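Now for the letters of each chain:
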Amino acid sequence: MKKGIKTVCYDEELGIEAYWFEGIIQPFPNHFHDYYVIGFIESGSRCLSCKNKEYAIKAGDVLLFNPNDNHGCSQIGNEALDYREINIPSDVMFSLVKEFTRKDIVPVFTENVIYDNELKYSVKLLHKMLMEEAESFEKEELLYLLVSMLVERYLEDNRVMLPECSEHIEFACRFMENNYNESISLNQLCEYSRLGKSTLLREFTKLKGVTPYRYLQSVRIGKAKELLEKGISPVDAALQTGFSDQSHFTRFFQMYIGLTPAEYGRMFKSKRQNNE
């Protein structure tokens with residue numbers, strides 16, 4: 001079986017990442033990121049689950065995930081996936097959206113699967129520029145044009161009402177975010193959130209779209225990415241983020257991100273060398 005090709009780059013000037021996965025058959029489990037994801041399907045088809053909705057996605061579809069939007073996908077048929085993705089950190093997106101709205105808001109986009117040829121063309125073109133390290137002016141201009149389309153067409157005006165126990169669920173989230181590098185049990189989460197196990201599991205999954213365990217692993221992966229970007233070795237990153245061993249860490253990192261920890265760390269090597 002032909003091995004898939006994974007090409008990744010980090011644009012230091014814009015502060016965003018670009019991924020290009022070719023010939024991929026790997027499924028991705030239900031998870032989330034702490035950044036915005038804008039991608040499109042070049043070829044292949046997948047069954048996508050996002051925020052408890054199911055989609056059959058195919059070539060030409062644009063995917064848009066907010067931070068903490070839970071999602072996972074698996075292959076449909078025998079055709080491998082060719083997929084391009086741009087990852088925009090939350091602070092970068094906040095700044096860009098503020099340029100257009102003149103408001104300090106947390107941008108939330110309404111659609112996860114978008115059928116918009118103009119948007120697809122802009123994403124594809126920006127992705128190409130990032131991969132080819134095009135001129136800064138041209139890349140920055142297109143990024144602003146892309147975000148302006150998202151703001152005009154897909155920015156959410158009002159947030160939905162949260163369930164009554166949402167505050168207790170947030171207590172559990174804060175506990176995991178503050179103690180991700182330690183061993184955490186379900187009993188601890190119940191004690192901290194003041195909810196029983198069945199209520200915690202049911203309401204947490206309903207509100208966050210992932211189980212508490214998946215939430216914890218996603219937080220750990222996010223923290224590990226930050227360490228790898230700074231040049232910390234995969235072994236030390238695993239130890240500092242609460243994973244039991246290196247193989248456990250590598251398995252989850254590749255499952256969620258699509259790259260090994262070493263592959264991800266190499267993407268930032270040139271950035272570190274330039275800063276030395």
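Residues numbered from 1 in each chain as written. Predicted model: local features only at pLDDT ≥ 70, side-chain atom pairs only at ≥ 80, totals over all residues. Heavy atoms only, no water.

Across its full length, the protein chain holds 11 helices and 10 strands. Dimensions of the protein chain, computed from the C-alpha atoms along their principal axes, are close to 55 × 45 × 45 Å. Counting all 276 residues of the protein chain, 47% fall into the buried class. For the protein chain, the proportion of contacts with a sequence separation of at least 24, taken over those separated by at least 6, is 70%. Taken as a whole, the protein chain presents about 14,200 Å² of accessible surface, with 50% of it coming from carbon and sulfur. Counting 33 positive and 41 negative side-chain charges, the protein chain places the averaged centre of each group 5 Å from the other. (Helix = DSSP H or I, 4+ residues; strand = E, 2+ residues; numbered from the N terminus. Buried < 20%, exposed > 50% of the residue type's maximum accessible area, 1.4 Å probe, protein only. Contact = heavy atoms within 4.5 Å. Areas by Shrake-Rupley, 256 points an atom, 1.4 Å probe, with all protein chains shown as cover. Lys, Arg positive; Asp, Glu negative; His and termini not counted. Charge placed at Lys NZ, Arg CZ, Asp CG, Glu CD.)

With that settled, consider the confidence of the model for the protein chain. Interpretation of the predicted coordinates at a detailed level should be avoided for regions scoring low in pLDDT. Averaged over every residue, the pLDDT of the protein chain is 90; the share at 70 or more is 94%. Within the protein chain, helix 11 (residues 269-275) has the poorest average pLDDT of any element, 63, and strand 7 (residues 62-65) the best, 98. Scored below 50 in pLDDT, residues 158-162 makes 2 contacts in the model with residues more than four places away or belonging to other chains. (pLDDT = per-residue confidence, 0-100.)

Approximately 300 Å³ is the volume attributed to the second largest pocket. Lining the second largest pocket are 16 residues; nearest its centre among them are Glu17, Asp34, Tyr35, Pro89 and Glu229. Among the elements of the structure, strand 9 (81-89), helix 1 (90-101) and helix 7 (212-229) are those that each provide at least two residues to the lining of the second largest pocket. Sort the elements by how many residues they give to the lining of the second largest pocket and helix 7 lands first, with 4 residues. (1 Å grid on protein atoms, 1.4 Å probe; cavity = no way out; pocket = protein on both sides within 12 Å on 5 of 7 lines; lining within 4 Å. Points joined across faces, edges and corners; volume = space filled by probe spheres on them.)

Taken as a whole and judged by the stated rule, the model has 15 salt bridges. The shortest N-O distance in the salt bridge between Lys51 and Asp69 comes to 4.0 Å. Of this pair, Lys51 sits in the loop between strand 5 (46-50) and strand 6 (53-57) while Asp69 sits in the loop between strand 7 and strand 8 (71-75); the two residues are 18 residues apart in sequence, bridging distant segments of the chain. For Asp69, a relative accessible area of 7% corresponds to the buried category. A salt bridge links Arg174 to Glu170, with the nearest nitrogen and oxygen atoms 2.8 Å apart. Linking Arg174 with Glu170, this pair stays in helix 4 (residues 166-178), spanning 4 residues, or about one helical turn. (Salt bridge = Lys/Arg side-chain N within 4 Å of Asp/Glu carboxyl O.)

For the structure on display, the rule yields 1 cavity of 30 Å³ or more. Lining the largest cavity are 21 residues, with Phe28, His71, Cys73, Tyr83 and Glu85 positioned closest to its centre. Those elements that place two or more of their residues in the lining of the largest cavity are strand 2 (16-24), strand 3 (28-31), strand 4 (35-43), strand 5, strand 7, strand 8, strand 9 and helix 9 (246-257). Considering only residue class, the lining of the largest cavity consists of 15 nonpolar, 4 polar and 2 charged. (Nonpolar A, V, L, I, M, F, W, Y, C, P; charged D, E, K, R; others polar.)

Inspection of the secondary structure puts Tyr121 in helix 2 (residues 117-131). Sequence-wise, Tyr121 and Phe40 are 81 residues apart; in three dimensions their C-alpha atoms are separated by 9.6 Å.

Attention shifts here to the packing of aromatic side chains. Tallying each qualifying case throughout the model produces 14 aromatic pairs. Each ring, one from Tyr36 and one from Phe109, has its centre 6.0 Å from the other, and the planes form 75°; the classification is edge-to-face. In this pair, Tyr36 is assigned in strand 4 and Phe109 in the loop between helix 1 and strand 10 (113-114), connecting sequence segments 73 residues apart. An angle of 40° between the planes, with centres 6.3 Å apart, marks the rings of Phe243 and Phe252 as tilted. Residue Phe243 shares its accessibility class with Phe252, and that shared class is buried. Put simply, the rings of Tyr10, Tyr213, Phe243, Phe249, Phe252, Phe253, Tyr256, Tyr264 and Phe268 pair up and form one aromatic cluster. The side chain of Arg84 reaches across the aromatic face of Trp20, ending 4.0 Å from its centre. For the cation-ring pair, Arg220 lies above Phe243, with the distance from its terminal atom to the ring centre recorded as 6.0 Å. (Phe/Tyr/Trp six-rings, centres within 6.5 Å; stacked < 30°, edge-to-face > 60°. Lys NZ or Arg CZ within 6 Å of the ring centre and 35° of its normal.)

Looking now at the packing of helix 2 against helix 3 (residues 136-154). For the pair helix 2 and helix 3, interaxial distance at closest approach is 10 Å and the crossing angle is 155°. One finds that helix 2 runs roughly antiparallel with respect to helix 3. Crossing of helix 2 over helix 3 shows left-handed handedness. Note on element contacts: helix 3 touches helix 2 through Glu138, Lys139, Leu142, Leu143, Leu146, Met149, Leu150, Arg153 and Tyr154, opposite Glu118, Leu119, Ser122, Val123, Leu125, Leu126, Met129 and Leu130. Within the contact of helix 2 with helix 3, the residues separate by chemical class into 12 nonpolar, 1 polar and 4 charged. (Axes fitted to C-alpha atoms, helices over the stretch in contact; angles between N-to-C directions. Parallel < 35°, antiparallel > 145°, perpendicular 65-115°, else oblique. Left-handed = near helix turned anticlockwise from the far one by under 90°.)

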